[in-house]
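Close look at the chain arrangement
This is what each chain is made of:
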Amino acid sequence: MTMLNLRDETRDTMTALKRGVVGRCPRCGKGHIFRAYLKVQDQCEVCGEDLHHHRADDAPPYITILIVAHIMGFIMLVVLTAYEDIPFWIQMTLWPGLVLGLCLTLLPRVKGALIGLQWAQRMHGFGGETDPIG
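Residues numbered from 1 in each chain as written. Predicted model: local features only at pLDDT ≥ 70, side-chain atom pairs only at ≥ 80, totals over all residues. Heavy atoms only, no water.

Helix and strand counts for the protein chain stand at 4 helices and 0 strands. If you list the helices and strands of the protein chain from N to C, you get α-α-α-α. Restricting the contact set of the protein chain to residue pairs at least 6 apart, pairs at least 24 apart contribute 57%. Within the structure as shown, the protein chain displays about 8500 Å² of accessible surface, and the carbon and sulfur contribution to it stands at 64%. (Helix = DSSP H or I, 4+ residues; strand = E, 2+ residues; numbered from the N terminus. Contact = heavy atoms within 4.5 Å. Areas by Shrake-Rupley, 256 points an atom, 1.4 Å probe, with all protein chains shown as cover.)

Listed below in structure tokens is the structure:
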């Protein structure tokens, strides 16, 4: 594909986000974004799209914490309002376990969605031009 074709290629943001959430290549939807839990592949093994351009940095943990805090805050409020006499030791094992499980589940999905968003918006070198930062 020539450089002109890369820039003219339409990129649907919602499709790229959905593919990123499930850990697939934002371009083809078949290859994997990650080679390990949060380690991004250099390029897609199916279509060859370069994925090393991403600049996720601290955004995925921040967004994950924001989502988990809202979900768990609501659940804790509902449960503790309905059942006021839950023993403290149960709460000290239940809530941290749920928070940890939810964070570990959401973190790669949020990072994948962010990479998909960057690809769709042609950010950080995903548009075919070189990234001046790195």
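Attention now moves to the environment of I71. Tracing the backbone through its elements, the reader meets I71 in helix α3 (residues 59-82). In this structure the C-alpha to C-alpha distance between I71 and L102, which are 31 residues apart in sequence, comes to 9.4 Å.

Next up on the list: the state of the cysteines. Two cysteines form a disulfide when their sulfur atoms are joined by a covalent bond. Taken as a whole and judged by the stated rule, the model has 0 disulfides. The structure places no disulfide on C28, whose sulfur is separated from the nearest cysteine sulfur, that of C44, by 3.7 Å. With no disulfide of its own, C47 has C25 as its nearest cysteine by sulfur position, at a separation of 3.7 Å. The exposure class of C47 is partly exposed, given its relative accessible area of 30%. (Disulfide = S-S within 2.5 Å. Buried < 20%, exposed > 50% of the residue type's maximum accessible area, 1.4 Å probe, protein only.)

Summed over all chains, the structure comprises 1 salt bridge. Two residues, E49 and R27, come together in a salt bridge whose shortest N-O distance is 3.4 Å. One end of the pair, E49, is in the loop between α2 (13-21) and α3; the other, R27, is in the loop between α2 and α3, and 22 residues separate them in sequence. Classification of E49 by relative accessible area gives buried; the value is 9%. Looking at R27, the relative accessible area reads 25%, which means it is partly exposed. (Salt bridge = Lys/Arg side-chain N within 4 Å of Asp/Glu carboxyl O.)

We now examine the packing of aromatic side chains. By the definition in use, this model includes 0 aromatic pairs. Across from the ring centre of W119, 4.4 Å away, lies the NZ or CZ of R11, which sits over that ring. (Phe/Tyr/Trp six-rings, centres within 6.5 Å; stacked < 30°, edge-to-face > 60°. Lys NZ or Arg CZ within 6 Å of the ring centre and 35° of its normal.)

With that settled, the discussion passes to the nonpolar core. A16, I33, F34, V40, L51, I115, W119, A120 and F126 together form the largest nonpolar core, which totals 9 residues. If one sorts the elements of this core by residue count, helix α4 (residues 88-120) sits on top with 3 residues. Ignoring any residue separated from it by four or fewer positions in sequence, one finds A120 in contact with R11, D12, T13 and A16. (Core = buried A, V, L, I, M, F, W, Y, C linked by side-chain atoms within 4.5 Å.)

What follows deals with the packing of α2 against α4. Remark: α2 packs on α4, axes separated minimally by 7 Å, with the N-to-C direction vectors making an angle of 150°. As the angle between them shows, α2 and α4 are arranged roughly antiparallel. Considering the relative orientation of α2 and α4, their crossing is right-handed. Counted together, T13, A16, L17, G20 and V21 of α2 and R109, G112, A113, G116, L117, W119 and A120 of α4 form the full contact between these two elements. Counted by class, the contact of α2 with α4 contains 7 nonpolar, 4 polar and 1 charged residues. (Axes fitted to C-alpha atoms, helices over the stretch in contact; angles between N-to-C directions. Parallel < 35°, antiparallel > 145°, perpendicular 65-115°, else oblique. Left-handed = near helix turned anticlockwise from the far one by under 90°. Nonpolar A, V, L, I, M, F, W, Y, C, P; charged D, E, K, R; others polar.)

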